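Breakdown of the fold
So the chains spell out like this:
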Amino acid sequence: MRIIAGKFKGKKLFLPKDKNTRPLKDIVKESIFNLLKHSKKINVELENSSILDLFSGSGSFGIECLSRGADSAYFFENYQEAIEILKKNLLSFKEEQNYKIFKEDCFEFLNSENVIEKKFDIIFVDPPYKELKINTLIEKIILKKILNTNGVIIIHRHKRDKLKITKKLKILDERNYGASKVYFAN
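All of these numbers come straight from a predicted model, not from anything done at the bench.

**Some words on the packing of helix α1 (residues 26–38) against helix α2 (residues 60–67)**
Orientation of α1 relative to α2, taken along the N-to-C sense of each, is 45°, at an axis distance of 11 Å. Of the possible angle classes, the one that applies to α1 and α2 is oblique. In the crossing of α1 with α2, the sense of the turn from one axis to the other is right-handed. Where α1 approaches α2, its residues K29, I32 and F33 are matched on the opposing element by S60, F61, E64 and C65. Here the residues of the contact of α1 with α2 are counted per class, giving four nonpolar, one polar and two charged.

**Here we look at the nonpolar core**
Within the largest apolar cluster, 32 residues are counted, with the highest numbers of intra-cluster contacts made by I32, L36, F61, I122, V152 and I154. Secondary-structure elements contributing two or more residues to this core are α1, α2, β2 (72–76), α3 (80–91), β4 (120–125), β5 (147–158), β6 (171–177) and β7 (180–185). Examining the composition of this core, we find that five residues originate from one element, α1, more than from any other. Ranked by size, the runner-up nonpolar core spans 27 residues in total, among them I123, L137, I153 and L163.

**Some words on unusual backbone geometry**
Peptide bonds are mostly trans, and most non-glycine residues show a negative phi. For N48, which is not glycine, the phi dihedral falls at a positive 65°. Among the secondary structure elements, N48 is positioned in the loop between α1 and β1 (50–54). What makes N48 exposed here is its relative accessible area of 58%. The phi dihedral of K145 is positive, around 55°, even though this residue is not glycine. Relative to the helices and strands, K145 resides in the loop between α5 (134–144) and β5. A relative accessible area of 58% means that K145 is categorised as exposed.

Cut-offs and rules
By convention here, each chain's residues receive numbers from 1 onward along its written sequence. A pLDDT threshold of at least 70 governs which residues receive local features in this predicted model, and a stricter bar of 80 or more applies before side-chain atom pairs are shown or counted, although totals over entire chains, interfaces and linings include all residues. The basis for every side-chain value is the complete set of non-hydrogen atoms in the structure, without hydrogens or water. With axes taken as lines fitted to C-alpha atoms, and helix axes fitted only over the stretch in contact, angles between N-to-C directions fall between 0 and 180 degrees. Strands here are runs of E lasting at least two residues and helices are runs of H or I lasting at least four, both read from the DSSP assignment and numbered beginning at the N terminus. What sets the label is the angle itself: under 35 degrees gives roughly parallel, over 145 gives roughly antiparallel, 65 to 115 gives roughly perpendicular, and the rest give oblique. Whether a crossing is left-handed or right-handed is set by the direction in which the near helix is turned from the far one by less than a right angle, anticlockwise for left-handed and clockwise for right-handed. Contacts: residue pairs with any heavy atoms within 4.5 Å of one another. Basically, the charged four are Asp, Glu, Lys and Arg, the nonpolar ten are Ala, Val, Leu, Ile, Met, Phe, Trp, Tyr, Cys and Pro, and anything else, Gly included, counts as polar. For this analysis, a nonpolar core means a set of buried residues of the types Ala, Val, Leu, Ile, Met, Phe, Trp, Tyr and Cys, connected via side-chain atoms within 4.5 Å. Categorising residues by exposure relies on relative accessible area from a 1.4 Å probe, with only protein chains included: less than 20% of the type maximum marks a residue as buried, more than 50% marks it as exposed, and the intermediate range marks it as partly exposed.

Such coordinate-based values are descriptive only and should not be taken to indicate function.
Structure, rendered in structure tokens:
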């Protein structure tokens, strides 16, 4: 797995050795970024944007955003092996300091009274495929008002997933890439 574009293009990312973390495939990642850049339905600029990467695993999505000019990235991960890999990946980009790692369960964090003092332009939600509480998470994001007005929530699921996205979000686009289904919403 590599960084596809930007200042870190071609840099290899470390991945967890076990099967508890499912890395975002490069082809899916590249397709997401192509849609963000060229879609008439999605009105978000990656450059100078703020990114929230939930269930970040190795951090490939958020790091790709930083490589392409995002202003900052917040990473949420609670699986210890993935946290170690995420840290290793971020430390390999020594000049990149505009990130924060939350070693917490994002459901618990968003359910608590904790406050994120930031609004995000892009929120990437890539939970384990077996996770069923996606709408609960999305509703907390809406309730806490952490998505900017023109921001986008990107939700990555298995293409056979029967998830019905909450009506509180407007689906801007929905794409299938191999075994993946990706929703773009706000």
